Structures are given as structure tokens and as C-alpha cells.
Amino acid sequence: MILITKEKEGNFTPFALPPSLQLGSATASLQIEGGDKGNNWYRFCEEGRVKDGSHCIVADDHWNRYEEDIALMKQLNHKVYRMSIEWSRIEPERGNYLEAPLVHYRKMIQIMLEQDIQPLVTLHHFSEPIWFEDMGGWTNLESVEIFTSFTEKVVSFLGDLVGEWITINEPNVYLESTYSSAIFPPEKPSMRNYFKGLKNMAAAHIMTYKQIHHLRSEMGFSSGTKVGVAIHIRVFDAEKKGVLSKLPRALLEHNFHTIFLESMIKGKFLFPIGLGGYPYGKGTYCDFFGVNYYSRDIVKFTWDPRRLFSELLVRKEAEINDMGWEIYPEGLYRVCEKYFRLYKQPIYITENGICDATDAQRTAFIYDHLKVVARLVENGVPVEKYYHWSLLDNFEWDEGLQRRFGLIEVNYETLTRTIRRSGQFYGELAKENEVTEAMIEKFLNQ
Ligand code: NOJ
């Protein structure tokens, strides 16, 4: 087991967080709610496709236990919370919208607001209605209009309570996992569909960006509307210096980051989804830069065009988490600094966290990454919010329930929640807005 190593011990020093930084955590509906049978992940689980054989039908039973979970957020001194809406609950059949689930979400959000926790709501976080997947999902041109209508329903209903929205979570991971590695349903790889999906997702993002602003201003909110995407940004470092290592790295950067960012933030459709033009007009279609950051990959050349000539490795001697991902806090610095320079948007770290079942690494992970955030702000990079992934242990997609990302441990037999030591640390940090000597003694140097 990797623990806070002896070398690290004693290296922890107090630091203050920027006073303007707001801390909280993030979740996604399918991963925590349970109870919905209309979504494509329910079907995937029913077909026994999840690696550990587990199922999302109960997950954390958050749908019924949200009051307890909001009380836990409060206990951990959250100022902000990122959640998502389960599309198939609202629109179980195409064009047939139900109000009851929206009323439920409204109640949930009202309780959060009463606790002074500001929500950031995601409209599409990987899962989608079965009927949507069966019509080709995002590869179908109609997806743009369908998603726009769904967004209109949700925002019309909740827009008076919620000013901050994410249209689509990690479109790059969604498309990679659906059409390239094809570990997500419907497990049908096709690079053609990867780019078709991207074109439609970018269009849907731009449409809904405009629409959310329009709806909120019609409701009388002249300020406070913030809309963006949450992009998964990885650090890709070439294995070696020569061209053969630089080529796959450049291809990955382009296909996994740049075409997403340019289309969704600027409206610029780069090859192969366009030729650099602006089919929906030149603009800025994000009010913040939402970054989900976890790790870095070392990119090695391989003779396989379907994998963009790249093999992803983990740096030798790197400390890794339970998923085998390198723990690389400096990557968060590199990513935020780079994209602030390019897009000049305030940054929300919409996800950052660690899969760590024994909780041996999470406290130091939080310490290291928040120290980076403090340094970013000090150096003029405006990181405004940090959402730790995740509040609770949850259903980690194709990996299932065995993977543990929570500040709070969930016992899946009893559904009991227990705040981990790292969760206590995070809670104190959020309260004090600084890491003190006493906190280091209590949580890190033992
Ligand atoms: C990003 C995804 O948005 C989230 O759903 C997932 O659980 C985490 N990464 C961890 O893999």
C-alpha cells in the first residue's frame, strides 16, 4: 500500500487558500442516485457488462437520501456543489416530459440553497435515455434539437434557482469511451462516429449556451448566469524527444483537447469536424473554463493509426492511485496556466480527485492539489471554484462500485455513509481556508 511516505512526511507546510476560492464537491446523477431504469447504463448493467459485475440501480440511493447527503456537504463546509440531472427521468420517451422528477430536483436544490450551498448543474453527464442511444445518440443530427428541447424544459423549471450550468460533461471522454476504446455502451467502436458525435455535441453546446442565457434573462436575471462545459484535460508528455514521439502526442492533443475546446469555447470547427470555420458564428460560448483534471500520460509511438499512433504509459517510479493513474499535482498547474493563457476565462476545477479505497493517499492528494491552486491564484490565474470528485463513493461507470473516489465512504450493504479522514481534512480546510500546523500534525504527519 502506498502511504504518505517518509520522504513526504515533514514536507508539509502551512499555506492559505485564496479568500475568493470556493470549495465543494462534485457528483453525477447516474453514479449516485439509483432507481432509474430508463437510462442506457441501467441496460448496460442489466446485460452484465460492468467489470466487477455490480449494478447502478441502487448506487448510493441518493434519490431518497439526498437530505442526509446535503447535511453531510454542510458538515464538510461546502460552499458549492456540482450535480447533474438524469435526462431519462425527465424525458422517459422522446418528447414526453415529466414534471415530478423536476419537482424532486427543485426540492433538492432548494434545500442546498437553504444551507448556503451554491449548485452548479450539469445537463448531460455520460448517461442518457435508452431511446436516445437507440437512435444513434450524439451521432444522429437530431440530437442537437432533442438536447436543446430537453435543456429548455429543465432550465425553464429550475432556472430561477440555478444560475450556473454545465451543458455537457467531458464530451472528450464520453466520445473516446463510446467510440474509440468503446468501453461505454453501446460498445461499438467507430472513429467516424467519434467525430460525428463531436460535431453534434459542439453544436448542441453552442445552442444551449445561448438558450440558457436567453431563458434566464427572460426570467429577469440580468447577471449571475454562467454556462460552460467540463472538459477532461490530461497532461500528455512525449516519451522521447524525437519526431516519432512528438507526432502521437500532437495528434492526441488535437483530437482529445483542441478540437473540443476550439469548437465549444470559440465556435471554431477544426479538421476533421470542419476546416477552421465558424458554422454557428464566431463567439465565446463559455463563461468559465471547466477543467476536470486527474492525471498525466506518457505518450509512446506505436504503429496503430486507430490509436492515433499512441500508446499511453505511466511514468516509471510514479506514485499511482487504485486505477493505476499517476498522481501528478504539477499537472494541474500546467493545465490551468496553459488554458488561462489561451482562453482568458476564469477557471472552475469542476473535478479533481483520487480513487483510493483505503484512504491512504487522499489527504496528501488534496493537500498537494490545493497548494497548486493557491500558487495558481497567487500567480494571476483566476481559479474561482474547486469541486472535489467526489462527495461519496459511487458507481464508476464500466468499473462499477468497487472503485472508491469519495470523501465519504459508502457501505453498499447498508448504505451507511462514513466521512473518511481525508473528508474530515477537506472539511476543516474548507472551514479555515488554510492548512494550519495543527492540521498537518493531525492529518498528515502521523
Ligand atoms: C470524470 C467523470 O466525469 C466522472 O463521472 C468519473 O467518475 C470521474 N472522472 C472518475 O473517473
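For the structure, see preceding data.
Basis of the calculations
- Residues numbered from 1 in each chain as written.
- Predicted model: local features only at pLDDT ≥ 70, side-chain atom pairs only at ≥ 80, totals over all residues.
- Heavy atoms only, no water.
- Helix = DSSP H or I, 4+ residues; strand = E, 2+ residues; numbered from the N terminus.
- Rg over C-alpha atoms; globule rule 2.2 N^0.38 Å.
- Buried < 20%, exposed > 50% of the residue type's maximum accessible area, 1.4 Å probe, protein only.
- Near = heavy atom within 4 Å.
- Polar contact = N/O pair within 3.5 Å; in protein donor to acceptor, adjacent residues only side chain to side chain.
- Areas by Shrake-Rupley, 256 points an atom, 1.4 Å probe, with all protein chains shown as cover.
- Nonpolar A, V, L, I, M, F, W, Y, C, P; charged D, E, K, R; others polar.
- Core = buried A, V, L, I, M, F, W, Y, C linked by side-chain atoms within 4.5 Å.
- Contact = heavy atoms within 4.5 Å.
- Salt bridge = Lys/Arg side-chain N within 4 Å of Asp/Glu carboxyl O.

Student: Requested: an account of the overall build of the chain, with residues and values cited.
Tutor: The secondary structure content of the chain amounts to 14 helices and 13 strands. The C-alpha radius of gyration of the chain comes to 21 Å, within 12% of the 22 Å expected for a compact globule of 446 residues. Taken along the three principal axes of its C-alpha coordinates, the chain extends 55 × 55 × 45 Å. Burial statistics for the chain: of 446 residues in total, 59% are counted as buried.

Student: Got a sec to walk through the site of the ligand? Specific residues and values, please.
Tutor: Near the ligand there are 13 residues, and of these Gln31, His125, Glu351, Glu396 and Trp397 occur at the shortest range. A distance of 2.8 Å separates an oxygen atom of the ligand from a polar atom in the side chain of Gln31. Glu396 places a side-chain nitrogen or oxygen 2.5 Å from an oxygen atom of the ligand. Protein coverage of the free-state accessible area of the ligand, which is 290 Å², stands at 96%. A per-class count over the shell around the ligand returns six nonpolar, four polar and three charged.

Student: So what about the nonpolar core? Which residues, and what values?
Tutor: Counting residues in hydrophobic clusters, the biggest one holds 126 residues, and the most contacted among them are Leu158, Trp165, Phe289, Val291, Ile349, Leu370 and Phe425. Per-element tally for this core: the top contributor is helix 9 (residues 191-218), with 11 residues. In this view, Phe425 contacts Thr363, Ile366, Tyr367, Val435, Met439, Phe443 and Leu444; residues no more than four positions away in its chain are not counted. Membership of the second largest hydrophobic core comes to 14 residues, among which are Ile166, Ala230, Cys355 and Phe405.

Student: Account for the pattern of salt bridges, naming residues and giving values.
Tutor: In total, this model carries 27 salt bridges according to the counting rule given. The salt bridge partner of Lys385 is Glu164, with a shortest N-O separation of 3.2 Å. Of this pair, Lys385 sits in strand 10 (residues 383-389) while Glu164 sits in strand 5 (residues 164-169); the two residues are 221 residues apart in sequence, bridging distant segments of the chain. Assigned by exposure class, Lys385 and Glu164 land together as buried. A salt bridge links Lys338 to Glu253; the shortest N-O distance between them is 3.9 Å. In this pair, Lys338 sits in helix 11 (residues 329-343) while Glu253 sits in helix 10 (residues 243-266), placing the two residues 85 residues apart along the sequence. Relative accessible area serves as the criterion here: at 29%, Lys338 is assigned to the partly exposed category.

Student: Before we move on, could you go through unusual backbone geometry and cite the residues and values that matter?
Tutor: A cis amide bond links Pro185 to the next residue, Pro186, at an omega of 5°. Relative to the assigned elements, Pro186 resides in the loop between helix 8 (171-180) and helix 9. Of note, the amide linkage connecting Phe271 to Pro272 takes the cis form, showing an omega dihedral of 10°. Position of Pro272 among the secondary structure elements: in the loop between helix 10 and strand 7 (289-301). The phi dihedral of Ala182 falls on the positive side, at around 55°, and the residue is not glycine. Examined against the element boundaries, Ala182 turns out to sit in the loop between helix 8 and helix 9. In this structure Ala182 comes out as buried when scored by relative accessible area, which is 11%.

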